[in-house]
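Remarks on the overall topology
Given next are the chains, with one letter for each unit.
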Amino acid sequence: MRAYFAVFFSASLCFAASVHAQTPPAQPAPLTRDSFKKAAMRALPSVVSIRIRSAQAFSAAKQSQPQSSESTGSGIVIDAGGFIITNKHVVSGAVRQIEITTANNETFPAVITGIAPDTDIALLHATAPPNILHPAAFRNSDAVEPGEIVIAIGSPMGLQNSVTHGIVSAIRVMRGA
């Protein structure tokens, strides 16, 4: 069994991040009691919490003013320039304000810069100094194979540093996505 892990934060969004070097080792490293913990510790600085404030529409029937609501999600830093990938459903709706919170509890505003609805992916840009954000180390997704062990890291519903595991069950190539 290979000791590679994919970091993801939702069933529909998967990122491959190698625990070891970017190229496969000659002999796969054995899994140990601390393998998942070590992988999580490497990935956690790249995971951000996302807080979204949305405006709910005015209701003429209820004669009320627009209300705001808050929701949360997770994202992963993909470069030091402030780009973050999350799920589209995390930032869908009438979004008024987005804030990201880093692993060091620093909060910065962010904006949506792209959405891929067919894959449930959204790209955010946070206005944080480059030395604050820690991009994830990604493995070549062409090298990921069914049966490999993956860990899921995120902050669902505000639960920071959530970690679980599974396996890659299948590979699907998205054309034109």
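Note that the structure is predicted; figures quoted are calculated from it, not measured. Sequence order as written defines the numbering, with residues in each chain counted from 1. Residues qualify for local features only when their pLDDT is at least 70, as the model is predicted, and side-chain atom pairs are given and counted only at 80 or more; totals for whole chains, interfaces and linings, by contrast, use all residues. To get the side-chain values, all heavy atoms of the structure are used, and hydrogens and water are removed first.

1. Observations regarding the pattern of salt bridges
- Salt bridges are defined by distance alone: a side-chain nitrogen of Lys or Arg within 4 Å of a carboxyl oxygen of Asp or Glu. Within this structure, the stated rule accounts for four salt bridges.
- Measuring nitrogen to oxygen at the nearest pair gives 2.3 Å for the salt bridge that ties Arg 51 to Glu 99. Placement of Arg 51 in strand β3 (residues 47-55) and of Glu 99 in strand β6 (residues 95-101) is noted, with a sequence separation of 48 residues between them.
- Between Arg 139 and Glu 148 there is a salt bridge, with the nearest N and O atoms lying 2.9 Å from each other. Each of the two residues, Arg 139 as well as Glu 148, counts as buried.
- Connected through salt bridges with shared partners, the residues Arg 51, Arg 53, Glu 70 and Glu 99 form a single ionic network. In this description a helix means any DSSP run of H or I spanning at least four residues, a strand means any run of E spanning at least two, and both kinds are numbered starting from the N terminus. To sort residues, take the accessible area from a 1.4 Å probe on protein chains only and compare it with the maximum for the residue type: under 20% means buried, over 50% means exposed, and anything in between is partly exposed.

2. Regarding the environment of Ala 40
- Tracing the chain through its elements places Ala 40 in helix α1 (residues 35-43).
- Here the alpha-carbon distance between Ala 40 and Thr 164, two residues 124 residues apart in the chain, equals 9.5 Å.
- Any pair of residues with heavy atoms lying within 4.5 Å of one another is described as a contacting pair. With residues near it in sequence (within four places) discarded, Ala 40 still touches Ile 151, Ile 153 and Val 163.

3. Some words on the nonpolar core
- Nine residue types can take part in a nonpolar core, namely buried Ala, Val, Leu, Ile, Met, Phe, Trp, Tyr and Cys, and a core is a set of them joined through side-chain atoms within 4.5 Å. In this structure, Ile 50, Ile 84, Val 91, Ile 98 and Ile 100 are the most contacted members of the largest nonpolar core, which totals 17 residues.
- Looking at this core, the elements with two or more residues in it are β3, α2 (88-91), β6, β7 (107-116) and β8 (121-126).
- Excluding residues that lie within four positions of it along the chain, Ile 100 makes contacts with Val 48, Ser 49, Ile 50, Ile 84, Glu 106, Thr 107, Phe 108, Ala 110, Ala 126 and Leu 133.
- Judged by nonpolar contacts, the second largest core, of seven residues, contains Ala 40, Ala 43, Leu 44 and Ile 151.

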